[in-house]
Amino acid sequence: MSAREFNFDGLVGPSHNYAGLSFGNVASFNNVKSASNPKLAALQGLAKMRALAARGFGQAVMPPQVRPNFRLLRSVGFTGTDAEVLAKAAKQAPVILASAYSASPMWTANAATVSPSADSADGRAHFTAANLNNKLHRAFEHTQSARSLRAIFADQKHFAVHDALPGTPAFGDEGAANHTRFAKDHGSAGVELFVYGRTEFDAAAPAPKRFPARQTLEASQAVARLHGLSRERTVYVQQNPDVIDQGVFHNDVIAVGNGNVLFYHEQAFADEADAIERLRRAVGDLGAEFNPIRVATAQVAVADTVASYLFNSQLLTKDSGKMALVVPQECQENASVARYLEGLLAEQGAIDELITFDLRQSMRNGGGPACLRLRVALTGAEAAAMHQGVVMTETLYHALVAWVEKHYRDSLSPDDLADPQLAIEVRTALEDLSRILNLPDLYDLS
């Protein structure tokens, strides 16, 4: 059955800020407490969505979440009016206030894991909201993620949206950032690759020593069960603990796949040879020839991949059958990465085009093109059944740009998070957005 891939990009919220909350994310830590520009961040993301939609790629919007998270603040003892809660949190626990204002929902690769209907036992597209329980500032996101997914994919004939896994260390789940699908085309049965950082129930298994491994094998296996995936077409691979300790906090910082192609760094996996061989066999069983594109350390050091987000890119299949690689501007500014990409294009292999975007605001907070998008392969009937108000068109683009210009600040510092007016501005903006997207029940603003 024919299908089309839609990329649901996170719409940057009005309170986009640099709180540096994500231990293990080098870019996030490097820019902690610097001033951000929410308006520019949102416009950069929208420009990317518009450009890819204009090229004919399926493109949609994932709306931002409510900020600040007053439920978090009140659940840890801050009381009074909203303004009083903010003032107390700012004085007594500014890190918790920053967590309540986290900008991280913009990275929708962490919103959920998605399996298309071609892979599932019941013939529906399945979504499991990621619990993101490794970080306080992300551990509350799954409630709104599931709510948003159910609003967009409401037709239960075609879609199943699962709540997040139990919020315990054993089931640490970071969503599609550690998940890749390979198939002859988007509508064919595929092989789903789950990359995990550690194993909860095997104390002897290797694990990173400096930074946390956020995805567990147990979580990946649970998601596969929920989605009704075939064991023969599901592959579990451990991420290299050493690169996690170098700032590779998700697999999508060091590998990206699409179709029959895996673009990856040689240090991505704990056992590279075994991982590639198992994927080769599984993809071969689909009748496709697996095409791994390996980047050696001698070509690009891990530190350069982290600095440039070379692998936090999008691989998009064009009408020609070749692929375009969507990268951040930082890839052109890093000498070894730029040199490697020049050579890659000269080979005229599976990847024959580079599309570069300025996503500086997102990059400074630790997320590149792949972090910003959730990939959803849909058949024609499924695409028609999802909510149409989030599909990127010229009309929607201009409406959202006008919305951003109306509601967003062009500078936001850490001290601004204590301003009760900011919370009012965000709420007003989201009420307006729900009307633009024609999703009146998108938020619980009670």
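Computed from a predicted structure; not experimentally measured. (Residues numbered from 1 in each chain as written. Predicted model: local features only at pLDDT ≥ 70, side-chain atom pairs only at ≥ 80, totals over all residues. Heavy atoms only, no water.)

J.: Quick question: what am I supposed to make of the overall build of the chain here?
T.: If you tally the helices and strands in the chain, you get 16 helices and 15 strands. A compact globule built from 446 residues should have a C-alpha radius of gyration of about 22 Å, and the chain, at 21 Å, falls within 12% of that. Principal-axis analysis of the C-alpha atoms places the extent of the chain at approximately 60 × 45 × 40 Å. Scored against the burial criterion, the 446 residues of the chain give a buried share of 60%. Pairs at least 24 residues apart make up 76% of the contacts formed inside the chain by residues separated by at least 6 positions. Summing over all exposed atoms, the chain offers an accessible surface of approximately 16,800 Å²; the carbon and sulfur share of this is 51%. Here the chain contributes 41 positive and 48 negative side-chain charges, whose respective centroids are spaced 3 Å apart. (Helix = DSSP H or I, 4+ residues; strand = E, 2+ residues; numbered from the N terminus. Rg over C-alpha atoms; globule rule 2.2 N^0.38 Å. Buried < 20%, exposed > 50% of the residue type's maximum accessible area, 1.4 Å probe, protein only. Contact = heavy atoms within 4.5 Å. Areas by Shrake-Rupley, 256 points an atom, 1.4 Å probe, with all protein chains shown as cover. Lys, Arg positive; Asp, Glu negative; His and termini not counted. Charge placed at Lys NZ, Arg CZ, Asp CG, Glu CD.)

J.: Mind showing me how you'd approach the pairing of strand E10 (residues 261-265) here?
T.: Looking along a regular strand, one sees the side chains alternate between the two faces of the sheet. For E10, the buried fraction is high: five of the five residues fall into the buried class. For strand E9 (residues 255-258) and E10, the ladder comprises four bridges, and the chain directions are antiparallel. In the strand pairing of E10, valine 256 is matched with phenylalanine 263. Pairing analysis gives five bridges linking E10 to strand E11 (residues 291-295), with the strands arranged parallel. For histidine 265, the partnering residue across the bridge sits in E11 and is valine 295. (Pairing = 2+ DSSP bridges.)

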